[in-house]
Amino acid sequence: MITSNRKLTVPDFMRPVAELESQVTELKRLAPKNDKVIENKINRFQDQLTKLQKKIFSSLTPLQRLNLVRQSERPTTLDYIPNILDEWIELHGDRGGADDPALVGGIGKIDGHSIVFIGHQRGRGTKENVARNFGMPAPGGYRKALRLMKHANRFGMPILTFIDTPGAWAGLKAEELGQGEAIAVNLREMFSFEVPIICTIIGEGGSGGALGIGIGDSIIMLEYAVYTVATPEACAAILWKNSKESLAAAEALKITSHDLKVMGIVDEILTEPIGGAQADHQSASKYLREELIKQLNILLRLNKSQLKTQRYEKFRKMGAFYEI
Amino acid sequence: MSLSNWPLKKANSKAYNIKSTKQITIPDGLWVKCFDCGLLMYSKVLKRNLKVCPQCSYHFQASSNERIDQLIDQGSWEPMDAHLISTDPLGFKDQKLYSQRLKDTAVKTGLQDAVQTGVGRMDGQKVYLGIMDFRFMGGSMGSVVGEKLTRLVEKATQERLPAIIICASGGARMQEGMLSLMQMAKISSALEMHKKENLLYISVLTSPTTGGVTASFAMLGDLIIAEPKALIAFAGRRVIEQTIKEDLPDNFQSSEYLFEHGFLDLIVPRTQLRSKLIQILYLHTNND
Ligand SMILES: [Zn+2]
């Protein structure tokens, strides 16, 4: 739940909820015990609060969704991992001189299956965010991911990826070390693996930096997550020549889970708890675990060549054009 | 991942002033001035030299038609999928309707979209060739570019022939939203099949090759060649400058910079590109 000391990060559209919430909390604290009348009143407030939350969340604009998933309370890859895997070990290093903290990975078990997991890792708070580079991987991050995915392929372990990045790191070192090449190779190699790949967009799917671990047999997207070809801010600056037009850009780009399901870019939309995944990490993890197990059981029925053909066909169909 | 991230006109250094992305049209019979050294020359002279300045070797932008003439044996070019046309899947409107922008650009350039594909011969050797054209919305990659290049590579795989793609692009076409990003995946999947069959794929990077194109098929060549002093990058220079708040090296994101860091096999001037490609193709044929 959003508590008062976190109010600073509450987006505008969440303010009414946050206010009502703190009032309810206050009432509960002050109310005398075993007073039926007051109890009923509190329950009514609680119902109102739930209704308000549902109403606000059912009509979130694309830009509000983007702001929502950028909230620091939003669960990150390493918040989900302990809750969705039965046991796990994080593994490190790209074997090329680096261990990128913005892209994590390892091995684990889910529902009896050994798997490899890979995910973007944002930080919480300034200090941790600096250490994690705000979830923007360097080329070494993508190369570490590739190394772990090759490991998965050798040992027949399905790959679970978790997407949550504003984009791949744009910096001098990133260019020097070949950011483009690192992502490109991942795109190609992810089509070669003979194990199931399930990708989940848990927060922000930022362009090529997201796609670099985003080729899969099943693409799951959390209800309020977004997936963009360019951030609305960048798109507005470029196409509208005005970064203040990011609201219009966010609408035009079609970045919500619903839009992307219609376009055939994501397969499953995963319902989030009331108030979004950040309001209830446990339920969000539970839903995600159940969905991953369900998808895994479907994909494990396919043989290697079926898997690869199906993956090829899935992406082969993406695109819209006339042929005259 | 778009062209306009790039401060193309910004001149940080004389030596690496990458200006070739300017739109230039050279009407016949006129004089042109070299952007780099200022040489005044007859436009026919420039064209005859494959649009490379005879004095300083500055590479002017070349169109896809010009490149076909420069690279392919005369009379051997057979275009593929010339009838694929972009739709406006998102109903996208920024300052202008995307559908209108497509129509206007087609009229202005005589092109259907930002890539031409086909099969032709180079000194008799059959190759599948894709050439991006920067004049069509900055060479941006939407569904048509993705589909045409995917079909090109698939056909090359089927026929067990080499594929060459000449890149010139500002990146993904934002007006097609996520569908444009997915073209990176689609083309890469076709290249994976081609590679698995041990077939040769050469990417040729020309100015500018940036964003989503750099992060997919441009960097997937078995051999990667670039024209001299081309702008080749993943992220925009301005974005990087803003984040690191210090000056970048003079030759940052140029062919020479990438070569120094091991991402290119060769830097080949346009005037020698055909002969070098022919030689490379030849050197890959004696093990059959
Ligand atoms: Zn010159």
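Here the structure is a predicted model, which means the values were calculated and not measured.

1. A short note on the overall build of chain B
- Each helix and strand in chain B was counted, giving nine helices and 11 strands.
- In chain B, which comprises 288 residues, the share counted as buried stands at 61%.
- Pairs at least 24 residues apart make up 68% of the contacts formed inside chain B by residues separated by at least 6 positions.
- Carbon and sulfur atoms form 49% of the exposed surface of chain B, whose accessible area is close to 11,400 Å².

2. Remarks on the coordination of the zinc ion
Residues and elements named next belong to chain B.
- The protein atoms that coordinate the zinc ion are Cys34 (SG), Cys37 (SG), Cys53 (SG) and Cys56 (SG), at distances of 2.2 to 2.4 Å.
- In this structure, the zinc ion is coordinated by four donor atoms arranged in tetrahedral fashion, with angles at the metal of 108 to 112°.
- The sequence pattern describing where the donors of the zinc ion fall on their chain is C-x2-C-x15-C-x2-C.
- Given a relative accessible area of 1%, Cys53 falls into the buried group.

3. Some details on the pairing of strand β9 (residues 223-226) of chain B
Residues and elements named next belong to chain B.
- Examined bridge by bridge, strand β8 (residues 201-210) and β9 share four bridges and lie parallel to one another. Bridged to Ile202 within β9 is Leu223.
- As defined by bridge partners, β9 adjoins strand β11 (residues 266-267) across two bridges and the pair is classed as parallel. Counterpart to Ala226 in the pairing with β11 is Ile267.

4. Quick word on the domain arrangement of chain A
All names here are of chain A.
- You can read the domains of chain A as domain 1 (12-59) and domain 2 (65-317).
- Once you take the C-alpha centre of each, domain 1 and domain 2 turn out to be 35 Å apart.
- In this complex, domain 1 contributes six residues to the contact, which on the side of domain 2 involves six residues.
- Summing both sides of the interface, domain 1 and domain 2 together bury roughly 550 Å²; the carbon and sulfur share of this comes to 74%.
- When the buried area of domain 1 at its contact with domain 2 is split by residue, Phe13, Gln53 and Phe57 rank highest and sum to 72% of it.
- Summed over the shared surface of domain 1 and domain 2, the result is zero salt bridges.
- Inspection of the region where domain 1 meets domain 2 yields zero residue pairs in polar contact (both at pLDDT 80 or more).
- Of the residues contributing to the side of domain 1 that touches domain 2, the split by class is three nonpolar, two polar and one charged.

5. Section: the UniProt feature "domain: CoA carboxyltransferase C-terminal" (unreviewed entry) in chain A
- When the UniProt feature table is mapped onto this chain, "domain: CoA carboxyltransferase C-terminal" (unreviewed entry) is found at residues 44-298 of chain A.
- End C-alpha to end C-alpha, residues 44-298 of chain A measures 43 Å, and it is 45% helix and 19% strand.

6. Observations concerning the environment of Lys28(A)
Residue and element names in this part refer to chain A.
- Along the polypeptide, Lys28 turns up in helix α1 (residues 15-30).
- Distance from Lys28 to Lys173, taken between C-alpha atoms, is 54 Å for residues 145 residues apart in sequence.
- Filtering out sequence-adjacent residues up to four positions away, Lys28 remains in contact with Ile42 and Gln46.

7. Quick notes on the domain arrangement of chain B
Residues and elements named next belong to chain B.
- On domain assignment, one finds that chain B holds domain 1 (29-60) and domain 2 (61-286).
- In this structure, domain 1 and domain 2 have C-alpha centres spaced 24 Å apart.
- With eight residues of domain 1 at the interface, the matching set in domain 2 holds 10 residues.
- Note on domain 1 versus domain 2: buried area summed over both sides is about 750 Å², and carbon and sulfur give 51% of it.
- Among the residues domain 1 hides against domain 2, the three largest losses belong to Leu50, His59 and Phe60. Together they make up 67% of the total.
- Linking domain 1 with domain 2 are one salt bridge, by the criterion used here.
- Lys51 is the partner of Glu66 in a salt bridge, and the nearest nitrogen-oxygen pair spans 3.0 Å.
- For the side of domain 1 that touches domain 2, a count of residues per class yields three nonpolar, two polar and three charged.

8. Focus on the nonpolar core
- Judged by nonpolar contacts, the single largest core of 138 residues is most densely connected at Tyr227(A) and Phe217(B).
- In terms of residues, this core owes the most to one element, helix α5 (residues 178-196) of chain B, which gives nine residues.
- Setting aside chain neighbours within four positions, we find Phe217(B) in contact with Met132(B), Met141(B), Leu149(B), Ile165(B), Cys167(B), Ile187(B), Leu191(B), Tyr201(B) and Ser203(B).
- Grouped together as the second largest cluster of nonpolar side chains are 20 residues, Trp77(B), Leu129(B), Leu200(B) and Ile202(B) included.

9. A word on the interface of chain A and chain B
- Contact residues are listed per partner, giving 51 residues for chain A and 62 residues for chain B.
- At the boundary of chain A with chain B, total buried surface from both sides reaches about 5,000 Å², with 70% on carbon and sulfur atoms.
- Counting the surface chain A buries against chain B, the share from its top three residues, Glu175(A), Arg188(A) and Arg316(A), is 14%.
- Of the charged contacts in the structure, one is a salt bridge between Glu147(B) and Arg316(A), with a shortest N-O distance of 2.9 Å.
- Along the contact surface separating chain A from chain B lie 15 residue pairs in polar contact (both at pLDDT 80 or more).
- Mapped onto the side of chain A that touches chain B, the elements with two or more residues apiece are α7 (172-176), α8 (179-190), α9 (207-211), β7 (226-228), α10 (232-240), α11 (246-253), α14 (304-316) and β9 (321-323) of chain A.
- Counting residues per element, the side of chain A that touches chain B draws most heavily on α8(A), which supplies nine residues.
- Its residues placed into classes, the side of chain A that touches chain B shows 31 nonpolar, nine polar and 11 charged.
- One ladder, built from three bridges, connects β9(A) with strand β4 (residues 84-86) of chain B; its direction is antiparallel. Directly across from Phe321(A), in β4(B), lies its bridge partner Ser86(B).

Cut-offs applied
Residues numbered from 1 in each chain as written. Chains lettered and ligands numbered in written order. Predicted model: local features only at pLDDT ≥ 70, side-chain atom pairs only at ≥ 80, totals over all residues. Heavy atoms only, no water. Helix = DSSP H or I, 4+ residues; strand = E, 2+ residues; numbered from the N terminus. Buried < 20%, exposed > 50% of the residue type's maximum accessible area, 1.4 Å probe, protein only. Contact = heavy atoms within 4.5 Å. Areas by Shrake-Rupley, 256 points an atom, 1.4 Å probe, with all protein chains shown as cover. Donors = N, O, S within 2.8 Å, 3.2 Å for Na, K, Ca; no water. Tetrahedral: all angles 85-135°; square planar, octahedral: opposite > 155°, others 65-115°. Pairing = 2+ DSSP bridges. Domains from an automatic or database assignment. Buried area = accessible area lost by both parts, 1.4 Å probe. Salt bridge = Lys/Arg side-chain N within 4 Å of Asp/Glu carboxyl O. Polar contact = N/O pair within 3.5 Å; in protein donor to acceptor, adjacent residues only side chain to side chain. Nonpolar A, V, L, I, M, F, W, Y, C, P; charged D, E, K, R; others polar. UniProt positions renumbered as here; feature names shortened; annotations may be inferred. Core = buried A, V, L, I, M, F, W, Y, C linked by side-chain atoms within 4.5 Å.

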